[in-house]
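# A look at the structure
Here are the chains, one letter per residue:
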Amino acid sequence: AAAEANAQTLMAEHGLARGRFAVFAPFTTRAQKHWFEDAWRILASRVRDELGLTPVILGGPADRAAAERIATATPGAVQLAGITRLPEAAALIRHAGLLVGVDTGLTHMGAAFNTPMVALFGSTRPYLDTCRANGKVIWLGLECSPCRRRPTCKGAYTCLRAITPERVMTEIRGVLAVEPAA
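The text that follows walks through the structure, step by step, so that each part is easy to find.

About the criteria used
Residues numbered from 1 in each chain as written. Predicted model: local features only at pLDDT ≥ 70, side-chain atom pairs only at ≥ 80, totals over all residues. Heavy atoms only, no water. Buried < 20%, exposed > 50% of the residue type's maximum accessible area, 1.4 Å probe, protein only. Helix = DSSP H or I, 4+ residues; strand = E, 2+ residues; numbered from the N terminus. Right-handed = clockwise from strand over helix to strand, strands pointing away. Pairing = 2+ DSSP bridges. Phe/Tyr/Trp six-rings, centres within 6.5 Å; stacked < 30°, edge-to-face > 60°. Axes fitted to C-alpha atoms, helices over the stretch in contact; angles between N-to-C directions. Parallel < 35°, antiparallel > 145°, perpendicular 65-115°, else oblique. Left-handed = near helix turned anticlockwise from the far one by under 90°. Contact = heavy atoms within 4.5 Å. Nonpolar A, V, L, I, M, F, W, Y, C, P; charged D, E, K, R; others polar. Salt bridge = Lys/Arg side-chain N within 4 Å of Asp/Glu carboxyl O.

Below, the discussion takes up the pairing of strand β5 (residues 117–120). Both faces of β5 are covered, namely the face carrying Met-117 and Ala-119 and the face carrying Val-118 and Leu-120. Traced from strand β4 (residues 98–102) through helix α5 (residues 105–112) to β5, the parallel crossover comes out right-handed. Pairing of β5 with strand β6 (residues 135–138), which is carried by four bridges, proceeds in the parallel orientation. When the sheet's bridge partners are listed, Val-118 is paired in β6 with Lys-136.

Our focus in this paragraph is the packing of aromatic side chains. The way to describe two aromatic rings as a pair is by their centre distance and the angle between their planes. Tallied over the entire structure, the rule returns two aromatic pairs. Seen in terms of ring centroids, Phe-24 and Trp-40 are 5.2 Å apart; in terms of plane orientation they differ by 45 degrees. Their pairing is tilted. Placement of the pair is Phe-24 in strand β1 (residues 21–25) and Trp-40 in helix α2 (residues 37–51), with a sequence separation of 16 residues. Taking relative accessible area as the criterion, Trp-40 reaches 1% and is therefore assigned buried. Ring geometry for Trp-35 and Trp-40: centres 5.0 Å apart, planes at 85 degrees, overall edge-to-face.

Moving on to the packing of α2 against helix α7 (residues 165–176). Contact geometry for α2 and α7: axes closest at 10 Å, N-to-C directions at 40 degrees. By the angle class used here, α2 and α7 are oblique. In this structure, α2 meets α7 at a crossing whose hand is right-handed. For the pair α2 and α7, the contacting residues are Ala-39, Ile-42, Leu-43, Arg-46, Val-47, Glu-50 and Leu-51 in the first and Pro-165, Glu-166, Val-168, Met-169, Ile-172, Arg-173 and Leu-176 in the second. Taken together, the residues of the contact of α2 with α7 break down into ten nonpolar, no polar and four charged.

As summarised here, the arrangement of the six strands in space is β3-β2-β1-β4-β5-β6, forming an open sheet in which the pairing is parallel. Only two strands of the sheet have a single partner each, and these edge strands are β3 (78–79) and β6. Across the sheet, α5 lies against β1, β4 and β5, angled at about 145 degrees from β4, the strand it touches most.

Right, let's get into the pattern of salt bridges. Applying the stated criterion across every chain, the model contains ten salt bridges. When the shortest N-O distance is used, the salt bridge between Arg-41 and Glu-37 registers 3.6 Å. Of the two residues, Arg-41 and Glu-37 are both situated in helix α2; the distance of four residues between them amounts to about one turn of the helix. For Glu-37, a relative accessible area of 23% puts it in the partly exposed group. Among the salt bridges present, the one from Glu-37 reaches Arg-69, with a minimum N-O distance of 2.6 Å. Linking Glu-37 in helix α2 with Arg-69 in helix α3 (residues 64–72), this pair joins segments that are 32 residues apart in sequence. Given a relative accessible area of 44%, Arg-69 falls into the partly exposed group. A single salt-bridge network, built from bridges that share partners, covers Arg-46, Glu-50, Glu-166 and Arg-173.

Structure follows, in structure tokens:
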């Protein structure tokens, strides 16, 4: 109940209406699981402009600077990385109209709450079936993937770089077109 009340307060403070914002979960503890900041900036602008959803960036305290760079590039985006605790982040995800994230716990919460979701996987072996029509996993299945904790690409992370914002937008449109489950 306290987490829900705190989430409602955050939503009110930032003008976020239930179902009218998109949570971005761009961060993990391992760089080889991150999509690139330039791609997040492009996606945030497109989600805002084309879908009318306010981007909300979640993450931990160590992610604040990167989240701020993404949010600054997208006027109207809300940067909450390092501000919410896990229970508040979960409540925000439950109220979101969309979640886009990398292989991280916040993204998996989208699946648990039946929030329309697009998950981006590269260096880890993903689950490909989300068991629901409004959830999609993008994994390119490159020969070097999954590399897990031993990347062979010397930091190029082609498995994620090759996922374009256009591809993500296509999948977003697909999951948003699914009628909500009763």
